[in-house]
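Understanding the architecture of this molecule
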There are 2 protein chains.
Amino acid sequence: MLRLTKKADYGLMALKYLAEHPGQASLSAKDIAEAYRIPPQLLAKILQQLAREGLLQSHAGMNGGYTLARTAESITAFEVIRIIDGPLFITSCATESGTCDLTSSCTIKEPLARVNDSISEVLKKIRISDLVEADPAHVRHSSNIQDLVTIQDQIQDKIHNA
Amino acid sequence: MLRLTKKADYGLMALKYLAEHPGQASLSAKDIAEAYRIPPQLLAKILQQLAREGLLQSHAGMNGGYTLARTAESITAFEVIRIIDGPLFITSCATESGTCDLTSSCTIKEPLARVNDSISEVLKKIRISDLVEADPAHVRHSSNIQDLVTIQDQIQDKIHNA
DNA sequence: TTGAATTAGGACGAATTCAGTCGTATACTC
DNA sequence: GAGTATACGACTGAATTCGTCCTAATTCAA
């Protein structure tokens, strides 16, 4: 099925929310959880992870909470997913270095490693700021996303004409 | 983690194996399972699924087994994965039509739906025949894969120069 | 300085998904 | 009919994911 975990989803949503409310003082896990109806304690742990990895700045105590530690433009979906879900491997046997550590019997992995890379690259192009502007009515005009769509078309054409 | 299930892996491996042995009469699930040290009964079910969906031609009885129902060039990794793992959704709430069926609270989904599309496209470019020629030493010259890599570079450039 | 709000984080359990097995029926070949 | 396969549903155990609970530690403010 190749899907993100809910945690990663929640993490992206939370970062988006923070990016949407830049003026305010820090927002608590509870605030964000209520906004999206996410289990608060679960979200809390996700935010802690993101803070530990330097994506968020945390602030304990009264009126505490989280703020983005970096700009929304500089945080990619790839980073977020990687922090929350761990390294992304499409195959079940690949290692971080890119090769398969099973027996030589599995030779499928080489091309799939490339798929893996492609997915990574796509995710690296998606920034938190892209999520913010992603109002369904206007998303087609979002520059970065549009780039991806365009290039997707190029791929189509290229293969088609091959 | 965003990974394929073992079943999908096994399915791809089996198809690759069949594509590599075109001359022979049909190969049994047991034959293939032994070649890759996969649990035979598990592989059997996977092959049954693929046969049901028209990717394989099955043949019961003595000297029976499976053969590719279509050419290795015409079967894509996307199809295989979809048949085995079901529709591929990167988000946990997306529907087959592409939109999110949760409350409006989750607005992340639009851009991620595009990621989803991108991944699908990449997987559609990988054909079983690509797996066959994917000897590590020569994979870089495999035309189709090379296309992907090249286009990936184009994406890099395009974004970089934006 | 006390108390409420908040982050930090470990331990745990429930729910779901995945992997693999078993048993039985059916089809085909010899 | 015997032997070899596929077909397929039911089931179990393992792994993963999801979510909760509990207990600190931190910070602010009255």
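Everything numeric in this text was worked out from a predicted model, so none of it was measured.

Definitions and cut-offs
Numbering of residues begins from 1 in every chain and follows the order in which that chain's sequence is written. Starting at A for chains and at 1 for ligands, labels are handed out in the order in which the entities are written. Totals for whole chains, interfaces and linings use all residues, but because this is a predicted model, local features are given only for residues with pLDDT of at least 70 and pairs of side-chain atoms are given and counted only at 80 or more. Should the C-beta atom of a residue, placed from the backbone, lie within 6 Å of a molecule or strand, that residue is near it. Three residue categories are used. Nonpolar comprises Ala, Val, Leu, Ile, Met, Phe, Trp, Tyr, Cys and Pro, charged comprises Asp, Glu, Lys and Arg, and polar comprises the others, including Gly. In this usage, the nonpolar core is the set of buried Ala, Val, Leu, Ile, Met, Phe, Trp, Tyr and Cys residues whose C-beta atoms join them within 7 Å. Buried means a residue has 20 or more other C-beta atoms within 10 Å of its own C-beta, exposed means 12 or fewer, and partly exposed covers the counts in between; C-beta atoms are placed from the backbone. By the convention adopted here, residues make contact when the C-beta atoms placed from their backbones lie within 7 Å. For helices the rule is a DSSP run of H or I covering at least 4 residues; for strands it is a run of E covering at least 2, with both sets numbered from the N terminus onward. What counts as an axis is a line fitted to C-alpha atoms, over the stretch in contact for a helix, and the angles between N-to-C directions run from 0 to 180 degrees. Roughly parallel means an angle under 35 degrees; roughly antiparallel means over 145; roughly perpendicular covers 65 to 115; every other angle is labelled oblique. Confidence of the predictor in every single residue is expressed as pLDDT, which spans 0 to 100.

**Observations concerning the protein's contact with DNA strand C**
- Neighbouring DNA strand C are 27 residues, the closest being Ser58 of chain A together with Thr5, Lys6, Pro39 and Gly61 of chain B.
- Looking at the surface near DNA strand C residue by residue, the class counts come to 11 nonpolar, 11 polar and 5 charged.

**Considering the nonpolar core**
- Ranked by internal contacts, the top residues of the largest apolar core, which has 73 residues, are Ala14, Leu43 and Val80 of chain A together with Ala14, Leu43 and Val80 of chain B.
- When residues no more than four places from it in sequence are discounted, the contact partners of valine 80 of chain B are Ala8, Gly11, Leu12, Leu15, Leu55 and Ile75 of chain B.

**Thoughts on the environment of methionine 13 of chain A**
- Within the secondary structure layout, methionine 13 of chain A lies in helix H1 (residues 6-20).
- In the structure, methionine 13 of chain A is positioned 118 residues away from leucine 131 of chain A in sequence and 8.6 Å away in space, judged by C-alpha atoms.

**Looking at the packing of H1 of chain A against helix H3 (residues 40-52) of chain A**
Residues and elements named next belong to chain A.
- Packing of H1 against H3 brings their axes to within 10 Å, and their N-to-C directions diverge by 70°. In terms of orientation, H1 and H3 fall into the roughly perpendicular class. Mapping the contact onto sequence places Lys7, Tyr10, Gly11 and Ala14 in H1 and Leu43, Ile46, Leu47 and Leu50 in H3.
- Of the residues that constitute the contact of H1 with H3, the class distribution is 6 nonpolar, 1 polar and 1 charged.

**Here's the deal with the protein's contact with DNA strand D**
- Inspection of the region around DNA strand D gives 26 residues, with Thr5, Lys6, Pro39 and Gly61 of chain A together with Ser58 of chain B positioned closest.
- Those elements that place two or more of their residues in the surface near DNA strand D are H1 and H3 of chain A together with helix H2 (29-36), helix H3 (40-52) and strand S2 (65-68) of chain B.
- The element best represented in the surface near DNA strand D is H3 of chain B, accounting for 5 residues.
- The class makeup of the residues in the surface near DNA strand D is 11 nonpolar, 10 polar and 5 charged.

**Considering unusual backbone geometry**
- Positive phi, close to 60°, is recorded for asparagine 63 of chain A, a residue that is not glycine.
- In this fold, asparagine 63 of chain A is placed in the loop between strand S1 (56-59) and strand S2 (65-68).
- Residue class for asparagine 63 of chain A comes out exposed when judged on the 8 C-beta atoms lying within 10 Å of it.
- You will see that arginine 37 of chain B, though not glycine, has its phi angle at about 60°, which is positive.
- Looking at the element boundaries, arginine 37 of chain B is found in the loop between H2 and H3.
- Its 11 C-beta neighbours within 10 Å are what place arginine 37 of chain B among the exposed residues.

**Description of the confidence of the model for chain A**
Residue and element names in this part refer to chain A.
- When pLDDT is averaged along chain A, the result is 77; 69% of the residues meet or exceed 70.
- Mean pLDDT values over the elements of chain A span from 37, in helix H7 (residues 143-161), up to 98, in H3.
- For the stretch residues 136-162, pLDDT sits under 50, and the model shows 39 contacts to residues farther than four places along the chain or on other chains.

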